[in-house]
Amino acid sequence: MPALGPSAHVDTFTRDNLPPADLWPEFRLEGFDYPERLNAGVELTDEMVARGHGDRTALIGNGRRRTYKELADWTNRLAHVLVSDLGVKPGNRVLIRSANNPAMVACWLAATKVGAVVVNTMPMLRAGELTAIVDKAEISHALCDTRLMDELAACARSSRFLKSITGFDGTSNHDADLDRLALEKSVLFDAVPTGRDDVALLGFTSGTTGSPKATMHFHRDLLMIADGYAAEVLGVTPEDIFVGSPPLAFTFGLGGLAVFPLRFGAAATLLENASPPNMIEIIQKYRATICFTAPTAYRVMLQAMEDGADLSSLRAAVSAGETLPAPIYEAWMDRTGKPMLDGIGATEMLHIFVSNRFDDHRPACTGKPVRGYQAKIVGEDGQEMPRGTVGRLAVCGPTGCRYLADDRQRGYVLDGWNITGDAFSMDDDGYLHFAARNDDMIVSSGYNIAGPEVEAALLSHDAVAECAVIGLPDEARGMIVQAHVVLADGVARDAVTVKALQDHVKAVIAPFKYPRSVVFCDALPKTPTGKIQRFALRSAT
């Protein structure tokens, strides 16, 4: 564990709950030099205005453009509200609940400016899932799009931590409590002089099994992913216009649709419903140049181009979230003459750490480590494996895993290396090739879904006696959730029961996790000790 620099946090919860020193990964910070006092919120707003980008478009959303000067002023007004009206102290955790829109970005930046530790959450999460996050991070304050209040209010009613929920208007109307309070505030704000080693963001891993895992990222980490990957691989300029589908609540989305454009004076287009048709429309309307989405969406874009859509403005098509099939890569190359940049990242690592490049790319290949990172393939014993052999991907670089008060840190970090949970091979030329996930995560349309969580939701229905959930290969989504269900006595094995179970899961956990396929069976395959043999279900499908 490196010696940490000064902190501005009055509430020391996050620094107090960093992993023990001997469980830290090695951080390789050569070439990433920042002053001891650093506030990422300031760097992405006021500092950009000071550098001459004030009149450039920063955010596009809800039918309007906002300049860097407008964004700086907006976030400073909100920062005043957080401090003077809501009593947020440096180091307090602030949850933000919203779809992708400019107001969510503004709230995130404002909370960062006041030295809070931000927890961005998806609008699909239900009260129980929000409660687990609130309890883990001991969150005291929340900012919520007024259209999404119900589940958070239900969470707050039983929470011993969450004491303040303030609504904001995620549309362009600015007609909610937070917005009204901000109207009379000054556009000048003295941001909290946070340390570069102060925690700025808690990223909760998607599809976490059991208790949620929160990854802790410093102010400098937020800038390093831009100054590393976005600068080296994407070569971002102020003329770029970003578009994408990942939620800002995921670090993949926060980097690709907020940190990266704002770091370089570029613009971000934000879509609350980032369906492929909506993205295609936005790319054409604003002549977007850099897109972040999953392979399934690129397949739709390819068909749209065949049907006459003009996506020629795109100079960078970044694919992550699930493995990129060679046929999609090759079809994109044939249609556009430009490579699709396959990459892999992790919430623990904050963003992409292995990627193809514009001038160095291959089909069915994830590329080479991003500047500052090293990668190797290791066996169960941690020893490096021969080239061409599938093993565990180990990564080391400027970012790395720091779980919030979690014994699972011991499983992610081995001898200073981050063990990402992915099985890869490395060829003789040093290129990395994805093989599979090491665990039972189901990756569907870019979302990580934990089978045990879906099983728990199904088992809470009276009709279900036993169940097991697996991932089923699917051409459109990569994988879908398939539930194998043993019904209670007397329950009909029919379409009505299938729909009832699917609706129940949607009501209990985030709807995207529901089983799209339900198979009724008399019994589940089990070991002599009673453990369900999911591999047997997979091999039978």
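Look up a bit, the structure's there.
Residues numbered from 1 in each chain as written. Predicted model: local features only at pLDDT ≥ 70, side-chain atom pairs only at ≥ 80, totals over all residues. Heavy atoms only, no water.

Peer 1: Which parts of the structure should I look at to understand the sheet that holds strand β25 (residues 517–520)?
Peer 2: The strands making up a sheet are joined through hydrogen bonds of the backbone, oriented either antiparallel or parallel. Spatial ordering of the open sheet is given by β23-β24-β25, a layout of three strands whose pairing is mixed. Lying at the two open borders of the sheet, with one neighbouring strand each, are β23 (464–474) and β25. Direction aside, the axes of adjacent strands within the sheet are offset by 25° on average. Sheet analysis places strand β24 (residues 478–487) next to β25, joined by four bridges and oriented parallel. What sits directly across from valine 485, in β25, is phenylalanine 520. Against the sheet, helix α16 (residues 495–508) engages β23, β24 and β25, with an angle of about 125° to β25. (Pairing = 2+ DSSP bridges. Helix = DSSP H or I, 4+ residues; strand = E, 2+ residues; numbered from the N terminus. Axes fitted to C-alpha atoms, helices over the stretch in contact; angles between N-to-C directions. Contact = heavy atoms within 4.5 Å.)

Peer 1: What is the right way to read the pattern of salt bridges from this model?
Peer 2: Close approach of charged atoms allows side chains with opposite charge to pair. With the rule as written, the count across this model stands at 32 salt bridges. The shortest N-O distance in the salt bridge between lysine 185 and aspartate 85 comes to 2.8 Å. Taken together, the positions of lysine 185 in the loop between α8 (177–183) and β7 (199–204) and aspartate 85 in helix α4 (residues 68–85) put the pair 100 residues apart, joining distant regions of the chain. Assessed through its relative accessible area of 23%, lysine 185 is described here as partly exposed. (Salt bridge = Lys/Arg side-chain N within 4 Å of Asp/Glu carboxyl O. Buried < 20%, exposed > 50% of the residue type's maximum accessible area, 1.4 Å probe, protein only.)

Peer 1: Help me understand the sheet that holds strand β12 (residues 316–319) in this model?
Peer 2: With respect to topology, nine strands assemble into an open sheet ordered β2-β1-β10-β9-β11-β12-β13-β14-β15, the strand pairing being mixed. Looking at the sheet topology across the chains shown, the edges are occupied by β2 (64–67) and β15 (368–369). Judged from the two bridges that link them, strand β9 (residues 241–244) and strand β10 (residues 267–269) form a sheet pairing that is parallel. From the neighbouring strand, isoleucine 241 faces β10, where its bridge partner is alanine 267. Docked against the sheet, helix α10 (residues 251–263) engages β1 (57–61), β9, β10, β11 (290–293) and β14 (352–355), running at close to 170° with respect to β9.

Peer 1: Would you explain the packing of helix α6 (residues 127–137) against helix α7 (residues 149–157) in this entry?
Peer 2: The angle between the axes and the distance between the axes are what describe a pair of packed helices. Where α6 contacts α7, the two axes come as close as 8 Å, and the packing angle between them is 55°. In terms of orientation, α6 and α7 fall into the oblique class. Here α6 and α7 pass one another in a crossing that is right-handed. Only Glu151, Leu152, Ala154 and Cys155 of α7 make contact with α6, whose side of the interface consists of Ala127, Leu130, Thr131 and Val134. Taken together, the residues that form the contact of α6 with α7 break down as six nonpolar, one polar and one charged. (Parallel < 35°, antiparallel > 145°, perpendicular 65-115°, else oblique. Left-handed = near helix turned anticlockwise from the far one by under 90°. Nonpolar A, V, L, I, M, F, W, Y, C, P; charged D, E, K, R; others polar.)

Peer 1: Help me understand the pairing of β9, please; the structure alone is not making it clear to me.
Peer 2: Where burial is concerned, the two faces of β9 agree: the one with Ile241 and Val243 and the one with Phe242 and Gly244 are both buried. Between the parallel elements β9 and β10, the chain passes through α10 in a crossover that is right-handed. Sheet topology places β9 next to β11; three bridges connect them, and they run parallel. Following the sheet pairing, valine 243 is matched in β11 by cysteine 291. (Right-handed = clockwise from strand over helix to strand, strands pointing away.)

Peer 1: Just to check I follow, could you spell out the packing of helix α11 (residues 276–286) against helix α12 (residues 295–306) for this structure?
Peer 2: As a packed pair, α11 and α12 sit with axes 9 Å apart at the nearest point and diverge in direction by 60°. As judged from the angle between their axes, α11 and α12 are oblique. As α11 runs across α12, the sense of the crossing is right-handed. Here Pro276, Met279, Ile280 and Ile283 of α11 come into contact with α12, specifically with Ala297, Val300, Met301 and Ala304.

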